[in-house]
Amino acid sequence: MTSSPVDDPKTLVSTDWLAKHVRDPDLRILDASWYLPDAGRNARAEYEAAHIPGARFFDIDEISDLRSTLPHMAPPPEKFISRMRAMGVGDGHQVVVYDGAGLFSAARVWWLFRLMGKTDVAVLDGGFPKWRAEGREIEDMSPIVKDRHITVSRQNHLVKDVTQVAHAAKLGEAEIIDARSAPRFRGEVPEPRPGLRSGHIPGAKNVPFATVLNADGTMKAPAELRAVFEAAGVDLAKPAVTSCGSGVTAAVLSLALERIGHRNHALYDGSWAEWGMYDDLKVEQGPQA
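As the structure is a prediction and not an experimental result, all values here were calculated from the model.

All right, on to the pattern of salt bridges then. Summed over all chains, the structure comprises 22 salt bridges. Measuring nitrogen to oxygen at the nearest pair gives 3.2 Å for the salt bridge that ties Glu-175 to Lys-205. Of this pair, Glu-175 sits in strand β7 (residues 175–178) while Lys-205 sits in strand β8 (residues 205–206), placing them 30 residues apart in sequence. Each member of the pair, Glu-175 as well as Lys-205, is classed as buried. Here Glu-191 makes a salt bridge to Arg-180, at a shortest N to O gap of 2.8 Å. One end of the pair, Glu-191, is in the loop between α7 (182–186) and β8; the other, Arg-180, is in the loop between β7 and α7, with eleven residues separating them in the sequence. According to the relative accessible area criterion, Glu-191 is buried, its value standing at 9%. Three or more residues are tied together by salt bridges with common partners; here these are Asp-16, Lys-130, Glu-134 and Arg-136.

Pasting the structure below:
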């Protein structure tokens with residue numbers, strides 16, 4: 001079995017790579033499927049019905065800061081530690097994250113591990129749909145889990161709050177890259193979450209997350225990714241802040257930036273669920289400037 005040019009255990013690995021390593025004792029596979037409410041899909045039920053052998057279910061909504069009124073904000077380090085230990089994920093493990101949409105929510109968990117200082121983590125390129133389409137092994141049994149010690153070191157430079165994003169937008173010191181669809185970015189359609197204004201952060205650039213993916217849900221090659229960002233007017237010489245509706249698909253752009261060697265990027269965790277809620281924060285509508 002030959003390795004794919006995709007394979008990098010710190011960013012993205014192919015289904016071939018995972019099939020080769022699926023039984024490795026120090027590999028941990030996480031099903032991080034998550035769907036918008038209007039998708040009509042139950043991520044946990046789908047996991048219980050079928051998943052990649054050995055996979056554990058990572059609940060993005062529960063492994064979050066439940067003290068916040070915003071959806072699935074990054075959890076405090078101590079909560080992350082406790083949940084990972086309970087799942088048998090710890091130091092010395094190579095982690096591979098996938099989701100049931102292809103490449104949608106798995107990147108959020110990749111980013112979360114990196115936020116906690118864990119870099120031996122990759123997203124499965126094409127996710128569960130590609131794995132199943134290739135006729136690879138699946139199971140419906142949960143794995144036997146053994147507690148594993150985990151140490152974390154929160155990397156605060158990888159996340160931005162609303163004050164930092166407002167400052168960056170005002171001074172133009174970073175590229176704010178919005179992963180939402182063009183109609184949502186332009187404010188032409190209502191937001192799926194009630195009570196939010198429509199539009200985008202002033203000065204933001206729009207790179208809908210689907211534009212960095214191929215038709216089969218795999219991520220485009222680095223040269224193509226670079227072209228997508230440049231076509232959207234993103235200055236790749238500047239620091240980047242990724243954003244979306246609630247901090248999930250923003251991480252797809254963070255992963256894409258990492259794949260092209262752009263290391264100076266952070267994710268706006270509150271994203272539009274926060275920015276769109278406050279009337280004192282400026283909103284632009286229409287195409288990007």
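Next comes the rest of the write-up.
Before going further, it helps to examine the layout of surface pockets. A volume near 240 Å³ is recorded for the largest pocket. Among the elements that take part in the lining of the largest pocket, strand β2 (residues 27–31) stands out by supplying three residues, more than any other. Here the lining of the largest pocket is built from residues that sort into seven nonpolar, one polar and four charged.

Right, let's get into the packing of aromatic side chains. A full pass over the atoms with the stated rule returns six aromatic pairs. The interplanar angle of 80° and the centroid separation of 5.1 Å between the aromatic rings of Phe-80 and Phe-113 together place this pair among those described as edge-to-face. With Phe-80 in helix α3 (residues 77–86) and Phe-113 in helix α4 (residues 106–115), this residue pair connects regions lying 33 residues apart in the sequence. Here the two residues Phe-80 and Phe-113 agree in accessibility, since each one is buried. On the numbers, 6.5 Å between centres and 85° between planes, the contact of Tyr-268 with Trp-275 is edge-to-face. Trp-275 gets classed as buried once you look at its relative accessible area, which sits at 3%.

So, on to helix α6 (residues 162–171). Restricting attention to buried positions, one finds in α6 the residues Val-162, Val-165 and Ala-168. The buried residues of α6 occupy one face: seen down the axis, they fall within an arc of 125°. Of the residues in α6, the exposed ones pointing more than 90 degrees away from the buried face are Thr-163, Lys-170 and Leu-171. Packed against the buried residues of α6 are β6 (159–160), β7, β9 (240–243), β10 (265–268) and α10 (271–275).

The next point concerns empty space enclosed by the protein. The tally for this structure, following the rule as stated, stands at one cavity of 30 Å³ or more. Reported here for the largest cavity is a volume of approximately 50 Å³. For the lining of the largest cavity, the class distribution of residues is eight nonpolar, one polar and one charged.

Right, let's get into unusual backbone geometry. The residue His-72 is not glycine, and still its phi comes out positive at about 35°. Its place among the elements puts His-72 in the loop between β3 (56–57) and α3. The exposure class assigned to His-72 is buried, which follows from its relative accessible area of 5%.

The next point concerns the nonpolar core. Formed by 55 residues in total, the largest nonpolar core has its most connected members in Phe-58, Trp-111, Phe-113, Val-212, Met-219 and Phe-229. Residue contributions to this core peak at eight residues, all from α4. Discounting residues that sit within four places of it in the chain, Phe-58 has contacts with Leu-30, Asp-31, Ala-32, Ile-63, Phe-80, Met-84, Met-87, Val-109, Leu-112 and Phe-113. Counting residues in hydrophobic clusters, the runner-up holds 19 residues, among them Leu-27, Tyr-35, Ala-55 and Val-96.

The next subject is the sheet that holds β6. An order of β6-β10-β9-β7-β8 is seen for the five strands of this open sheet, with the pairing classed as parallel. Either end of the sheet is taken by a strand with one partner, and the two such strands are β6 and β8. Pairing geometry for β7 and β9, over four bridges, is parallel. Across the sheet, Asp-178 pairs through a bridge with Ser-243, a residue of β9.

What follows deals with the side chain of Asp-65. Examined against the element boundaries, Asp-65 turns out to sit in the loop between β3 and α3. Asp-65 sits in the buried class, given a relative accessible area of 17%. At a separation of 2.9 Å, a polar atom in the side chain of Asp-65 contacts the side chain of Arg-67. Not counting residues within four places of it along the chain, the set of residues in contact with Asp-65 comprises Met-73, Ala-74, Pro-75 and Pro-76.

Reading the values: the criteria
Residues numbered from 1 in each chain as written. Predicted model: local features only at pLDDT ≥ 70, side-chain atom pairs only at ≥ 80, totals over all residues. Heavy atoms only, no water. Salt bridge = Lys/Arg side-chain N within 4 Å of Asp/Glu carboxyl O. Helix = DSSP H or I, 4+ residues; strand = E, 2+ residues; numbered from the N terminus. Buried < 20%, exposed > 50% of the residue type's maximum accessible area, 1.4 Å probe, protein only. 1 Å grid on protein atoms, 1.4 Å probe; cavity = no way out; pocket = protein on both sides within 12 Å on 5 of 7 lines; lining within 4 Å. Points joined across faces, edges and corners; volume = space filled by probe spheres on them. Nonpolar A, V, L, I, M, F, W, Y, C, P; charged D, E, K, R; others polar. Phe/Tyr/Trp six-rings, centres within 6.5 Å; stacked < 30°, edge-to-face > 60°. Arc of directions from axis to C-beta. Contact = heavy atoms within 4.5 Å. Core = buried A, V, L, I, M, F, W, Y, C linked by side-chain atoms within 4.5 Å. Pairing = 2+ DSSP bridges. Polar contact = N/O pair within 3.5 Å; in protein donor to acceptor, adjacent residues only side chain to side chain.

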